[in-house]
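Chain by chain, the residues run as shown.
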Amino acid sequence: MTVSLSTTIGNFTFDNCFMNAAGVHCYSKEELLDIYQSNAGSFVTKTATLEPREGNPLPRYADTSLGSINSMGLPNLGLDYYLTFLEELEQSSTTKPTFLSLTGLSSQETHQLLNIVNQSSFQGLIELNLSCPNVPGKPQVAYDFETTNHLLAEVFTYFTKPLGIKLPPYFDIVHFDQAAAIFNQYPLVFVNCINSIGNGLVIEDESVLIRPKHGFGGLGGQYVKPTALANVHAFYQRLNPSIQIIGTGGVINGRDAFEHILCGASMVQIGTTLHKEGIPAFQRLSQELREIMVQKGYESIDDFRGELKYFA
Ligand code: SIN
């Protein structure tokens, strides 16, 4: 039986449904090329701001037995670095469409970034990060529905390239309803659920594990899978079918990826596991997902995407 992990987001086709999550193995050109040359279907860059940023003081990331905690604070090399790299990559190779992640530290900066990308020759997808929990004094935009709605309304007056948004986890059914009602008004190509669960606290002996914000940081890995699955499925149930879902959070093995797709994800991003295991994670996860599909008789991910079963 031939099993394919290929998928589509908008008008883009990917040979493999796995890719990195923004923030992991995507800071430099070298790291991005590692993913590009692996069997991952695509990569997304570290979230870019207008100017390069050093981010929060070290230590700012820690692996734990159940996942990870981080408060990176958006360290990145600036939009120009990533955009130039992507434009050059597209000139030398067109084998994989790619994602550029970006966010402004203000609405004005977000518009500035998107205008630059709109005028560039970049042909891939853009992920607007509305959910970084780690910049002191800057709340996660997507928890403020009025600001989010206003921002998207302004963006779509001028932005013409394929755009999606990276969301924080929501925890209330009313919030799923309210958020989806906003997103459905716009020609978004995808939503990515979820960013880390913001501002957790992990303690070892008597101390926090990371320096910024007295140890508060975003949780990833096993801690977050049920929340990630709930967000993927809640938006799959509510969004216009033209807005696809990228599932991110708690993917340790092929079964986790299978569950994300069952909940409605068209593509699956790997964060903590990629950080812990490196590039070979893509090969292992692809193999494990293929084995599950063979056992169940599914030839493509479309055969079971969104087909989560409920009690009668
Ligand atoms: C960070 O750089 O702090 C992580 C980015 C994010 O969670 O969006």
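The name given to the protein chain in an unreviewed UniProt entry is Dihydroorotate dehydrogenase, with the source organism recorded as Granulicatella seriolae. Entered under Pathway (unreviewed entry) in the UniProt record, the comment concerning the protein chain runs "Pyrimidine metabolism; UMP biosynthesis via de novo pathway." In its Sequence similarities (unreviewed entry) section, the UniProt entry covering the protein chain states "Belongs to the dihydroorotate dehydrogenase family. Type 1 subfamily."

Student: Which residues make up the pairing of strand β4 (residues 61–64), and what are the values?
Tutor: Residues Ala62 and Thr64 point to one face of β4 and are all buried, whereas Tyr61 and Asp63, pointing to the other face, are not buried. In this sheet, strand β5 (residues 67–70) lies alongside β4 in antiparallel orientation, the contact comprising four bridges. Pairing of Ala62 across the sheet is with Ile69, part of β5. The turn linking β4 back onto β5 is made up of two residues.

Student: Residues and numbers for a nonpolar patch on the surface, please.
Tutor: A cluster of nonpolar residues, Leu201, Ile203, Val208 and Phe216, forms a patch on the protein surface that exposes about 340 Å² of accessible area. Structurally, Leu201 is set in strand β10 (residues 197–201). On the accessibility criterion, Leu201 (42% relative accessible area) is partly exposed.

Student: Give a description of the UniProt feature "binding site: substrate" (unreviewed entry) in the protein chain that names residues and reports values.
Tutor: Mapped onto the present numbering, the UniProt feature "binding site: substrate" (unreviewed entry) falls at Lys46, Asn70, Ser71, Met72, Gly73, Leu74, Asn129, Asn195 and Ser196. Position of Gly73 among the secondary structure elements: in the loop between β5 and α2 (79–92). Apart from residues lying up to four places away in sequence, Gly73 is in contact with Arg53, Gly55, Asn56, Asn134 and Val135. Those residues in contact with Leu74 that sit more than four places away from it in its chain are Lys46, Thr47, Thr49, Arg53, Thr103, Leu105, Cys132 and Val135.

Student: How would you summarise the sheet that holds strand β9 (residues 190–193) if you had to cite specific residues and measurements?
Tutor: Spatially, seven strands are ordered β3-β15-β14-β9-β8-β7-β6 in an open sheet, and the strand pairing comes out parallel. Only two strands of the sheet have a single partner each, and these edge strands are β3 (18–20) and β6 (99–102). The mean inter-strand angle of the sheet, taken between neighbouring strand axes irrespective of direction, is 25°. The pairing of β6 with strand β7 (residues 125–129) spans four bridges and is classified as parallel. Of the residues in β7, the one forming a bridge with Leu100 is Ile126. Contacts from helix α6 (residues 225–238) reach β8 (163–167), β9, β14 (244–248) and β15 (265–270) within the one sheet, and its direction differs from that of β14 by about 175°.

Student: For the site of the ligand, give the residues involved together with the corresponding values.
Tutor: Lining the immediate environment of the ligand, one finds Lys46, Asn70, Met72, Gly73, Leu74, Pro75, Asn129, Cys132, Pro133, Asn134 and Asn195. Lys46 is positioned with one of its side-chain polar atoms (N or O) 2.7 Å from an oxygen atom of the ligand. Separating an oxygen atom of the ligand from a backbone N or O atom of Met72 is a distance of 3.5 Å. Relative to its free-state accessible area of 260 Å², the ligand is covered by the protein chains to the extent of 94%. Taken together, the residues of the shell around the ligand break down into five nonpolar, five polar and one charged.

Student: Lay out the packing of helix α3 (residues 107–119) against helix α4 (residues 145–155) in plain terms, naming residues and giving numbers.
Tutor: At a closest axis distance of 11 Å, the pairing of α3 and α4 adopts a crossing angle of 30°. Classified by the interaxial angle, the pair formed by α3 and α4 is roughly parallel. α3 and α4 meet at a crossing whose hand is right-handed. Between α3 and α4, the residues in contact are Ser107, Thr110, His111 and Leu114 and Leu151, Glu154 and Val155, respectively.

Student: So what about the side chain of Gln140? Which residues, and what values?
Tutor: By secondary structure assignment, the location of Gln140 is in the loop between β7 and α4. Apart from residues lying up to four places away in sequence, Gln140 is in contact with Leu130, Ser131, Cys132, Pro133, Pro168 and Asn199.

What counts and what doesn't
- Just so you know, the residues in each chain are numbered from 1, in the order the chain's sequence is written.
- Reporting of local features is limited, given that this is a predicted model, to residues whose pLDDT is at least 70; pairs of side-chain atoms are given and counted only at 80 or more, and all residues count toward the totals for whole chains, interfaces and linings.
- Excluding hydrogens and water, the side-chain figures rest on all heavy atoms present in the structure.
- UniProt positions are given in the numbering used here, feature names are shortened, and annotations may be inferred rather than shown by experiment.
- Per-residue accessibility, obtained with a 1.4 Å probe over protein chains only, is compared with the maximum for each type, and a residue is labelled buried under 20%, exposed over 50%, and partly exposed between these values.
- Helix and strand definitions follow DSSP, with helices as H or I runs of at least four residues and strands as E runs of at least two, each counted in order from the N terminus.
- Between any two strands, at least two bridges found by DSSP are needed for them to pair.
- Distance thresholds for patches are 9 Å for like charges and 5 Å for nonpolar side chains (Val, Leu, Ile, Met, Phe, Trp, Tyr), applied to residues having over 30% relative accessible area and no salt bridge.
- Surface exposure here means Shrake-Rupley accessible area, sampled with a 1.4 Å probe, where a residue is shielded only by the protein chains that are shown.
- One speaks of a salt bridge when a side-chain nitrogen belonging to Lys or Arg is within 4 Å of a carboxyl oxygen belonging to Asp or Glu.
- We call two residues in contact when some of their heavy atoms are within 4.5 Å.
- Only C-alpha atoms enter the line fits that serve as axes; for helices the fit covers just the stretch in contact. Angles between N-to-C directions range over 0 to 180 degrees.
- Here a residue is considered near a molecule or strand provided that any single heavy atom belonging to it is located within 4 Å of it.
- As used in this structure description, the phrase polar contact means that two N or O atoms lie within 3.5 Å; if the pair is within protein, one of them must be able to donate a hydrogen and the other to accept it, and residues adjacent in sequence are counted only when both atoms belong to side chains.
- Residues are sorted three ways: Asp, Glu, Lys and Arg are charged, Ala, Val, Leu, Ile, Met, Phe, Trp, Tyr, Cys and Pro are nonpolar, and all the rest, Gly among them, are polar.
- When an angle is under 35 degrees it counts as roughly parallel; over 145 it counts as roughly antiparallel; between 65 and 115 it counts as roughly perpendicular; any other value is oblique.
- Crossing handedness follows the turn of the near helix against the far one: under a right angle anticlockwise gives a left-handed crossing, and clockwise gives a right-handed one.

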